[in-house]
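Coordinate inspection notes
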Amino acid sequence: MGQANQNIPHITVSQLTMAYGNFVIQHDLNFTIEHRDVFIIMGGSGCGKSTLLKHLIGLQRPAEGDVFYRGQNFWRSDTRQRTQIMSKTGILYQSGALFSAMTLAENIALPLGEFTRLTPSEIADLVSYKLSLVGLAGFEDYYPSEISGSMQKRAGLARAMALDPEILFFDEPSVGLDPMNARLLDDLIISLGETLNATVVVVTHELASIFAIGTNSVFLDPESKTMLATGAPKKLLAGSDDPRIIQFLTRGEGRTR
Amino acid sequence: MVSIDETSFALKISGNWSRQATVKPIDQILSRLKSHPPQKIIIAAGTLTAWDSRLPSQLLKIMDYCAANNIQVDSGQLPDGIKSLLKLALAVPERASTRRGGSRFSWLSNIGKSIIDMQKDMYGLIVFIGEVALAAGALLTGKARFRMIDLLTFIQDAGPNGFPIVSLISLLVGLILAFVAALQLAMVDAKIYIADLVALGIVREMGPLMTAIIASGRTGAAYATQLGTMNLNNEIDALKTMGISAMEFLVLPRMLALVLMLPLLTLCADLLGILGGAMVSSTAFDVTFIQYYQQIKKAVDLVDFGVGIFKSVVFACLIAIAGCMRGMQCGRSASAVGEAATAAVVDSIVYIVVADSLITLIYNRLDL
Ligand SMILES: Nc1ncnc2c1ncn2[C@@H]1O[C@H](COP(=O)(O)OP(=O)(O)OP(=O)(O)O)[C@@H](O)[C@H]1O
Ligand SMILES: [Mg+2]
């Protein structure tokens, strides 16, 4: 977990252009994510936040530009090196994306079985521990369809953390949860990120969490199809003079603080 | 009702503007605007008895036209409810390049499109077969990673669970073959050859073919829907980002299960088909079981069984490839999953029949 080379950014995005076919979503993105950052990806709906996440986690190839993990070019690496990088990341999908044909325990045990040499009983212990961390102790033998939506999200979180990842990705983790649960999930993400010493990358609209937890961010604009700014959210609010950013960060009420 | 004041071009809206009411379309207003474009129009409401979404949608059309043609619109005198709805609808301007170009094409470009689609399908198939080959290579060197429990479940689904339907169909096919053969052979008093015809027909052709067609409907379609739904639910993305090969983890056990089970099912189908023939010939055409058995022993040898079994192995690969490929390449919607299942069955039946003809041709050349 404690990594050498702390002075190289964890992720560097350089001149990234994202497109579906000929339809450019965003172009010329440049930003860096430092170790242990809580990095927020924000912007109006449909501006390409989820798409950016897909580029960072290797589901979609950039139309142009590069993504570097610790200085290593992700998309120019071979499959084995990419797998190596990906095995150190945990991802929580909007839907949870649990394997519906497996129980919660099997879901979490899968990455453990694939990437470690632990014995089955050790894995079972780890699975129980991870489930209890997200408040699902005792649900080992439930299938994803047998638990509620917020429980599925938390189980997805447990799976994302199975390998004690160095970097965690979240796509709108609290969408569709009631305010209580949304808040709890946010808190959970932060405290887990801290205890794991992990870098956290979150797509979110929640102003409360943006200011409470974000240490760095990038703001994507759907109109000009590029980023408007990058930096700590609080600094953006205080220091930016771009009306679009101010509007977004104050829910259109203008700067008051 | 809309009344127009000609001099100031003031539109006055009154009466019932709900979905049930009969309202004259606003086209005449638009055409009036077109023929005598004014500088400015005023939209106001008279006594509106009832209105719903119909009214704002019509007003929006007018306002859009005016905005495009530099005509000022004064809508300040409309009731507050309508004003706020209009404001909401105009709050987020339509983003340039959002709207897709019309999807109506001429028949010529449709033909071109479908040929390009076919080309893409072919390319996808070749890539998929390549990936399957790599995964199979990993399996042979013992590096492939999948869960044994998955393999066993798929084996149970593809094999034992398909046994009843396969036996029923092949028994009936045996009966039918025997009947057809008997009616002809009885004319030349060669009824004993029912056995040859049924046994050879079943073992070399009908057994493998019928079993494969049943399997494509049962198992191939199931594979396509399973994988398609997993794709829909981001499960395949999750696997990929975990660094687990979807080919090895999802496709390989399915393929392996079918390749192991289809030959066994074919063997059962062969035996039951022969039994069906025996039932017909012994009850309706006085060829005894013993005679039938003796005749079959003369007519069919192990090579014939081998020929059929080899075919079924090939068919199993084709069904699994068609089903898994359609599932893996499935779009992310409920209807796409249904289309994937249909395409999987259609593809595999086409592959099966084509492969069957080729293999039969090759056997013929090899004198097998
Ligand atoms: N598979 C796809 N094919 C083509 N275009 C796509 C596809 N997925 C998304 N898009 C387009 O890409 C753009 C960005 O989509 P994306 O899902 O990244 O938005 P987002 O910022 O995550 O939005 P939200 O906040 O609503 O989640 C949208 O305009 C959408 O139309
Ligand atoms: Mg999104």
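Look up: the structure comes first, before these words.
What comes next concerns the included structure. It should be emphasised that the depicted structure is a prediction, and the values quoted were computed from it without experimental measurement.

Moving on, we come to the interface of chain A and chain B. With 25 residues of chain A in contact, the opposing surface of chain B contributes 17 residues. Carbon and sulfur atoms make up 58% of the surface buried where chain A meets chain B, a total of about 1,800 Å² over both sides. Broken down residue by residue, the surface that chain A buries against chain B is led by Leu59(A), Phe99(A) and Glu114(A), which jointly contribute 26%. Applying the counting rule to chain A against chain B returns two salt bridges. For the salt bridge of Glu106(A) with Arg147(B), the shortest nitrogen-to-oxygen distance reads 3.6 Å. At the boundary of chain A and chain B, one finds four residue pairs in polar contact (both at pLDDT 80 or more). Taken together, the elements giving at least two residues each to the side of chain A that touches chain B come down to helix H2 (79-86), strand S6 (89-92) and helix H3 (104-115) of chain A. Among the elements that take part in the side of chain A that touches chain B, H3(A) stands out by supplying five residues, more than any other. Partitioned by chemical class, the residues of the side of chain A that touches chain B number 14 nonpolar, six polar and five charged.

What follows is about a nonpolar patch on the surface. Nonpolar side chains collect at one region of the surface, where Leu168(B), Leu172(B), Ile176(B), Phe179(B), Val180(B) and Leu183(B) lie side by side and expose about 560 Å² of accessible area between them. On the secondary structure map, Val180(B) appears in helix H6 (residues 163-187).

With that settled, the discussion passes to the side chain of Thr103(A). Residue and element names in this part refer to chain A. Looking at where Thr 103 falls in the secondary structure, it is placed in the loop between S6 and H3. Residue Thr 103 is classed as buried on the basis of its relative accessible area of 8%. Beyond its immediate sequence surroundings of up to four residues, Thr 103 is in contact with Glu 140, Asp 141, Tyr 142 and Tyr 143.

Let us now look at the site of ligand 1. Residues and elements named next belong to chain A. Neighbouring residues of ligand 1: Tyr 20, Ile 25, Ser 45, Gly 46, Cys 47, Gly 48, Lys 49, Ser 50, Thr 51, Glu 172 and His 205. In the environment of ligand 1, an oxygen atom lies 2.9 Å from a nitrogen or oxygen atom belonging to the backbone of Gly 46. Take the shell around ligand 1: its biggest share by element is three residues, from helix H1 (residues 49-56). Looking at the shell around ligand 1 residue by residue, the class counts come to three nonpolar, six polar and two charged.

Analysis parameters
Residues numbered from 1 in each chain as written. Chains lettered and ligands numbered in written order. Predicted model: local features only at pLDDT ≥ 70, side-chain atom pairs only at ≥ 80, totals over all residues. Heavy atoms only, no water. Contact = heavy atoms within 4.5 Å. Buried area = accessible area lost by both parts, 1.4 Å probe. Salt bridge = Lys/Arg side-chain N within 4 Å of Asp/Glu carboxyl O. Polar contact = N/O pair within 3.5 Å; in protein donor to acceptor, adjacent residues only side chain to side chain. Helix = DSSP H or I, 4+ residues; strand = E, 2+ residues; numbered from the N terminus. Nonpolar A, V, L, I, M, F, W, Y, C, P; charged D, E, K, R; others polar. Patch = residues over 30% accessible without salt bridge, like charges linked within 9 Å, V, L, I, M, F, W, Y side chains within 5 Å. Areas by Shrake-Rupley, 256 points an atom, 1.4 Å probe, with all protein chains shown as cover. Buried < 20%, exposed > 50% of the residue type's maximum accessible area, 1.4 Å probe, protein only. Near = heavy atom within 4 Å.

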